[in-house]
Amino acid sequence: MNPVLPSPDVLAESVDHYIRHRKPGEDALEGACDLIWPSLESLMVEWLSEADITRLFRSETSQDGAVSFTMAGLWRIVRSQGRTRTYRRDLKRRQWKADKTLDHWPTLKLLPCGTDKQLPFAWENLLEHAFNEVFQQTVAALTLPQPWRRDLQRELRIRWHRLNIAQVLMGLDRDVGHLVLHVHNRYPLEAENCESCIDDWGTIHGITVTDYAEYPGPDRGPEVCAQCAYNQRVLEEYERHTKNQLATYDRYLSHIRALDLGRGRPYYQQRHIATRNMKALGSALWRDVVDRASLSLTSRIVGPRARLLLTDLLRVQVQHAVVERIATERPQLLPMLSVIHPRHWHRDDLFSRRLWVRQRDEKTIVDRKTFCPSRRIGSLNEKRSFRFLSRSPASVVTMILNVWQDTFFGWHRNEADAVLQFIQAVTPTQDHRPYAKVLGATAGLKVVKEIKGNRFGRDRLTTALAIPVFGRLARAWVADRLETWRTRGYRELMRTHPQAEQALRNALDWSASTDHHLPDNNMDWKAIQRHSDAWHEALQQQHRDRAQYRGQALAWTSPLQEIRSDTYVAVALTYSQSLQQEAHEMGHCVDSYDIECYEGSYLVFSIKPLGPDADKNDRATLGVYYSRCGARFDQLEGPCHQSTPKPIQDFAQHVVQSLNDAILEEKAA
């Protein structure tokens, strides 16, 4: 029997009273969410039973030829007389509301076409998005006390996303076995037996175990083997975590799961059926929804090599006349629509200089998140930067936008002018062919990626682009590519393009090895490539020379052989055999560092506890970067890569400091 739920006003008063009169030490938001959750779950049960979100799609054609296409009972597309309209289900008012921005729609990929193996994952993604949509509308519909409304909504969303919603609500966790085998938390033991025990058994019998079936067992047990003890602890922790997870599901989702949205089928039977249903959904979309002219425009916006989503197509299809006008008036800036919110596409001054160039230090509407959702895209400081961008071919604009938005290689708003002006500086001015502009953008963006990725701090892009070497390299590469185009033709230019891009990356690496002093003004691309090839060949020879040490018994020295404190001792490992013994006892790969130690760039210490009552497992292996300039901490690993306690971490820092003191004393002597 379900408990009687309070009315919305009574619930708001109860939550407000609880937060204001909470006991010391209590988490007010967590307790308030416990009060809210039964009402939230009850409302979700009501709306989920009405929406029928497990029915992927429904396509209906009226007598006048209008097509109504509904997905998961929450999103609807209507095509009538050449027009497309999109709607989103308002569960509270039980009606369809027009939705042009499609911010709350699922991400369904149209192009490129995937394989059948990807369809179950697309089905899971669609269901999860549908559950999240119902949850978001439910949270928005709750009557919550105004002073804490946003905080409570945020806490409810955090609790919701902690749960594996789609899989749980569709019946994956019917028993512990399914949960252990199939959720993202994998079973911790890859094999039935302990790998350390298998290796020791093979060593004793003088054989190499290639198949676990050869091992007769049993394992030595946690009292003898550290790996067995670690496996047992992980297994116990995992089973405890699994039981807690199941208890959480029963506590927060029991009434929703009682709806039996999976209709009694096992979850993986539903996944098998979903493959067929997702194929039918894709076929129906291409047949009833996709407009070929809008598809062509969308492809020009997102780029020929980017994936094309259903939402990308529908945004263009709903505003087809507006996008077609932009494609006619400013075709080169059509890719910019991918970073501009659709609610602004209708503006007549969408690509005016007044919007995209700041006057003094005043921001424009372009800098608002409601205009450009990307935090990196923004207005420019100088007119010439916007002039270059607006006069570049659409392919160059697409390339620049893709890198600009990249999480790692992208640049910030205050760096945009420097990047655009650098690309303009390395782009040929006399050659007006579109692909000549593409070559300039390719070279400029390769340099930007090199700076952002490897050689400089991420906040020094503007300073680094001012170094003359980068401009020389990029211009020399572009000139060589244009010469190849002139003498050997466009086909040969495209055939050798991947090798040419790799040669540019190699040249940037070579230039970095000279601290960016080379190339100078007298070097053309052939000379640059010759020096780059010679430097890379020397590096490869160095690696080949190092390979001869593999498998040999090496020895080296350490400034300090032993470092002690009251509770721990660190012993330097100065032989290949000692590294192998440490790796065998500790269950990690420290034996692979013997060549680095032999070359004098690395040191390894074995840290052990002192005293008769010390725990033998309370030990660690310390790795230190070492040179004549000083020592620097690298890593500290416990048995089988376990985390180390705080006292060992403090002692490891003491070992590094002692090494640095010894190096200073050696220099002074």
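Residues numbered from 1 in each chain as written. Predicted model: local features only at pLDDT ≥ 70, side-chain atom pairs only at ≥ 80, totals over all residues. Heavy atoms only, no water.

## With respect to the pattern of salt bridges
In total, this model carries 34 salt bridges according to the counting rule given. Across the salt bridge formed by Arg159 and Asp34, the nearest N and O atoms sit 3.0 Å from each other. Within this pair, whereas Arg159 is found in helix α4 (residues 149-162), its partner Asp34 is found in helix α2 (residues 28-51), the two being separated by 125 residues in sequence. Given the relative accessible area of 4%, Arg159 is considered buried. Notably, a salt bridge pairs Asp52 with Arg263, separated by 3.7 Å at the nearest N-O pair. Within this pair, whereas Asp52 is found in the loop between α2 and β1 (57-61), its partner Arg263 is found in the loop between α8 (226-257) and α9 (267-288), the two being separated by 211 residues in sequence. Accessibility expressed as a relative area gives 52% for Arg263, which makes it exposed. Three or more residues joined by partner-sharing salt bridges are found here, namely Glu30, Asp34, Arg159 and Arg251. (Salt bridge = Lys/Arg side-chain N within 4 Å of Asp/Glu carboxyl O. Helix = DSSP H or I, 4+ residues; strand = E, 2+ residues; numbered from the N terminus. Buried < 20%, exposed > 50% of the residue type's maximum accessible area, 1.4 Å probe, protein only.)

## Quick look at the side chain of Arg271
Position of Arg271 relative to the elements: it lies in helix α9. Those residues within four positions of Arg271 in sequence are excluded, and the remaining contacts are Pro120, Phe121, Trp123 and Glu124. (Contact = heavy atoms within 4.5 Å.)

## Section: the confidence of the model for the protein chain
The share of residues in the protein chain with pLDDT of 70 or more is 93%, and the mean pLDDT across the chain is 88. The low-confidence segment residues 180-191 (pLDDT under 50) makes 23 contacts with residues lying over four places distant or belonging to another chain. (pLDDT = per-residue confidence, 0-100.)

## Section: the nonpolar core
Formed by 142 residues in total, the largest nonpolar core has its most connected members in Leu253, Trp356 and Trp411. With twelve residues, the single largest contributor to this core is α2. Counting 30 residues, the second-largest nonpolar core is a separate cluster that includes Trp556, Leu573, Val624 and Ala631. (Core = buried A, V, L, I, M, F, W, Y, C linked by side-chain atoms within 4.5 Å.)

## What to know about the packing of aromatic side chains
Taken as a whole, this structure holds 14 aromatic pairs when the rule is applied. Aromatic side chains Phe135 and Trp160 sit 4.5 Å apart centroid to centroid with 5° between the ring planes, which places their arrangement in the stacked category. With Phe135 in helix α3 (residues 119-141) and Trp160 in helix α4, this residue pair connects regions lying 25 residues apart in the sequence. Here Phe135 and Trp160 have matching classes, each one buried. Among the aromatic residues, those joined into a cluster by ring pairs are Trp37, Phe135, Trp160 and Tyr252. Between Lys449 and the ring centre of Phe409, over which it is positioned, the NZ or CZ distance is 5.8 Å. (Phe/Tyr/Trp six-rings, centres within 6.5 Å; stacked < 30°, edge-to-face > 60°. Lys NZ or Arg CZ within 6 Å of the ring centre and 35° of its normal.)

## Describing the side chain of Ser511
Mapping Ser511 onto the fold places it in helix α21 (residues 497-513). Residues contacting Ser511, with those up to four places away along its chain left out, are Val469, Leu473, His516, Leu518 and Pro519.

## What about the packing of α2 against α3?
Running from amino to carboxyl end, α2 crosses α3 at an angle of 125°, the nearest separation of the two axes being 10 Å. Taken together, the axes of α2 and α3 are oblique relative to one another. α2 and α3 meet at a crossing whose hand is right-handed. Facing α2, whose interface residues are Trp37, Leu40, Leu43, Met44, Trp47 and Leu48, α3 presents Phe131, Val134, Phe135, Gln137, Thr138, Val139 and Ala141. (Axes fitted to C-alpha atoms, helices over the stretch in contact; angles between N-to-C directions. Parallel < 35°, antiparallel > 145°, perpendicular 65-115°, else oblique. Left-handed = near helix turned anticlockwise from the far one by under 90°.)

## With respect to the environment of Val655
Mapping Val655 onto the fold places it in helix α25 (residues 646-668). Each C-alpha atom of the pair Val655 and Leu43 lies 60 Å from the other, and the pair is 612 residues apart in sequence. Ignoring any residue separated from it by four or fewer positions in sequence, one finds Val655 in contact with Ile563, Ala570, Phe605 and Leu622.

## Details of the packing of helix α1 (residues 8-20) against α2
Interaxial distance between α1 and α2 falls to 9 Å at its minimum, and their mutual angle equals 165°. The angle between α1 and α2 falls in the class roughly antiparallel. The crossing of α1 and α2 is right-handed. Counted together, Leu11, Ser14, Val15, Tyr18 and Ile19 of α1 and Ala28, Gly31, Ala32, Leu35, Ile36 and Ser39 of α2 form the full contact between these two elements. Residues belonging to the contact of α1 with α2 are distributed by class as follows: eight nonpolar, three polar and no charged. (Nonpolar A, V, L, I, M, F, W, Y, C, P; charged D, E, K, R; others polar.)

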